[in-house]
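Letter by letter, the chains look like this.
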Amino acid sequence: MASSVLSLASATPSASLSSHEIEKGKLNLGNSSLCFKKEKTNPFMKTKSVGRISMAVASNVSRFEAITMAPPDPILGVSEAFKADNHELKLNLGVGAYRTEELQPYVLDVVKKADKLLLEKGENREYLPIEGLAAFNKVTAELLFGADNPVIKQQRVATVQGLSGTGSLRLAAALIERYFSGAKVLISSPTWGNHKNIFNDARVPWSEYRYYDPKTVGLDFEGMIADIKAAPEGSFILLHGCAHNPTGIDPTPEQWETIADVIQEKNHIPFFDIAYQGFASGSLDADASSVRMFVARGMEVIAAQSYSKNLGLYAERIGAINVVCSSSDAAARVKSQLKRIARPMYSNPPVHGARIVASIVGDATLFKEWNAEMEMMAGRIMNVRQKLFDSLSSKDKSGKDWSFVLKQIGMFSFTGLNKAQCDNMTNKWHVYMTKDGRISLAGLSLAKCEYLADAIIDSYHNFPLMVASNKDHMPLLFLIENALHSLTTHLCLATDAQVYWLWES
Ligand code: PLA
């Protein structure tokens, strides 16, 4: 906030101000009392003229006074809290970022090679066109749809390089807002936290379809289908192409077919967010099969891609938005409008990461190496998943079935821990995670699995009982907060002396 400032400025041409802008007043300077004229040009800055001397007095009130403090981001804010903790056992399972077994960030060898080649070749730093690097746009569409997909040959895909997955989703949201006024986007419940922000900021109305069933710790397929059927005709249905975030639960190939049937019947538009291609199964092709199946049906499809995870290009902000249209003419028009939206937002996208992607995918040897590294990363996460399950099963003597950990795929495990239990994970065990109960297995090492299992078992079994009996004399407000939270997000079942909290979507 600005402190009070008294400045002596040159004479103010008060004569040039209209009479209603000048107000007569008095100025006290120490013991002397002087006449002055107050100019009411700025309510926060009082300019005082004494003869040829004018004094600007900035008041203590900031013009940004009405702006309140924003809460920390539920995902990226976790990393900030983690950094501030000095405990030696602390573990960051918040953001979905791949770490080595030593829990260090990982730059893919193939990215280092591509970097070196680009350096040797000598890159210029000219602006890219608004739609991004042409070589990148070509390979990114081919990676997603398959190089020999007819939609590519027929030039029916409008591809624009976006600011990674988030920026690409935002472009599509703006397109929807501009050309499908009033149309709703249906998002899964739960979904990646930022989806709601993206559509809110773009002023696109959204509602949720059922996705996660806490009772089976699996997909609520019937609920999902019913909600998609009930949506107003022509809605956009946001689908996670693979490795659903946060649940790690994907539909089976048969279920995907049924989802496509319903979307087609209702004339909805499928909108894929595919941020983990290659990370779910280790295969780029297998992970794109949901998107390709919709396209093979002749449907118009929107798909946002990200290279943050599969190439580890997080901070390079590399991704794309693809709109598959029923004609090349429509695709050209859509692309022109996407460019029109991008230009005032950020003008044009970053070049270096786009060149990395284009050179890796465009070179058979590097492409092979990338696939091998992606398999290695996906494999490490699967190993950690197995070890966590083994540790939970052997340490927990309650008979609880932890097999959901193995059934989930991708970077995350959705533990079903409620907010109070998540708080216990962080406050007592220094395990940093999002409050929806999601843990990023990509941030876990084999060596830390037992520690994590101890933390989960403690939080799962002891913490609800602690709240229920208040044996630790928790402050009343704390209990009320947890009770309110439970009312809204949890189903509370009391059996005998125990209290079980079941996660509800
Ligand atoms: N879509 C989904 C489903 C995601 O999970 C993420 C990233 C993105 C898009 C966007 O990623 P990008 O902009 O980096 O390409 N989700 C992370 C990070 C990994 C985040 O929240 O930004 C997560 O921890 O959920």
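Everything quoted here is computed from the prediction, not taken from an experiment.

The rules behind these values
- Residues numbered from 1 in each chain as written.
- Predicted model: local features only at pLDDT ≥ 70, side-chain atom pairs only at ≥ 80, totals over all residues.
- Heavy atoms only, no water.
- Core = buried A, V, L, I, M, F, W, Y, C linked by side-chain atoms within 4.5 Å.
- Buried < 20%, exposed > 50% of the residue type's maximum accessible area, 1.4 Å probe, protein only.
- Helix = DSSP H or I, 4+ residues; strand = E, 2+ residues; numbered from the N terminus.
- Contact = heavy atoms within 4.5 Å.
- pLDDT = per-residue confidence, 0-100.
- 1 Å grid on protein atoms, 1.4 Å probe; cavity = no way out; pocket = protein on both sides within 12 Å on 5 of 7 lines; lining within 4 Å.
- Points joined across faces, edges and corners; volume = space filled by probe spheres on them.
- Nonpolar A, V, L, I, M, F, W, Y, C, P; charged D, E, K, R; others polar.
- Pairing = 2+ DSSP bridges.
- Axes fitted to C-alpha atoms, helices over the stretch in contact; angles between N-to-C directions.

**Some thoughts on the nonpolar core**
Core analysis: the largest hydrophobic core is formed by 100 residues, its most contacted members being L239, I259, F294, L311, W370 and L388. Ranked by residue count, the leading element in this core is helix α13 (residues 364–395), at 9 residues. Setting aside its immediate chain neighbours within four residues, L311 contacts L108, V110, V111, V357, I360 and W370. One finds A173, A174, L238 and A331 within the second-largest nonpolar core, a separate group that totals 33 residues.

**Points about the confidence of the model for the protein**
Chain-level statistics for the protein give a pLDDT mean of 85 and a share of 80% at 70 or above. Every residue in residues 1–51 scores below 50 in pLDDT, and together they form 100 contacts with partners more than four places removed in sequence or on other chains. Here residues 466–505 is modelled with pLDDT under 50, and outside its nearest four sequence neighbours on either side it reaches 53 contacts, counting other chains as well.

**Let's talk about the environment of L452**
In this fold, L452 is placed in helix α16 (residues 449–469). For L452, a relative accessible area of 0% gives the class buried. A sequence separation of 64 residues divides L452 from L388, and the C-alpha atoms of the two residues are 7.7 Å apart. Setting aside its immediate chain neighbours within four residues, L452 contacts L93, L388, M425, V431, I439 and L444.

**Section: the layout of surface pockets**
Over the atoms rolls a probe the size of a water molecule, and its path tells where empty space is left. Size it by volume and the second largest pocket reaches roughly 460 Å³. As for the second largest pocket, its lining consists of 21 residues, of which F180, I269, E300, V323 and C325 are closest to the centre. When residues of the lining of the second largest pocket are traced back to their parent elements, those giving at least two are α5 (164–179), α8 (253–265), β13 (269–274), β14 (301–306), β15 (318–324) and α11 (328–346). The dominant element in the lining of the second largest pocket, judged by the number of residues it contributes, is α11, at 4 residues. Residues of the lining of the second largest pocket, tallied by class, amount to 15 nonpolar, 4 polar and 2 charged.

**Some words on the sheet that holds strand β7 (residues 157–163)**
Pairing in this open sheet of 7 strands is mixed, and the strands run β7-β15-β14-β13-β12-β8-β9 from one edge to the other. With one partner strand each, in any of the chains shown, β7 and β9 (206–210) form the two edges of the open sheet. Ignoring which end each strand starts from, the neighbouring axes of this sheet average 25 degrees apart. Against the sheet, helix α3 (residues 134–145) contacts β7, β13, β14 and β15, and its axis sits at roughly 65 degrees relative to β15. On top of the sheet, α11 reaches β7 and β15; it is set at about 15 degrees to β7, its chief contact.

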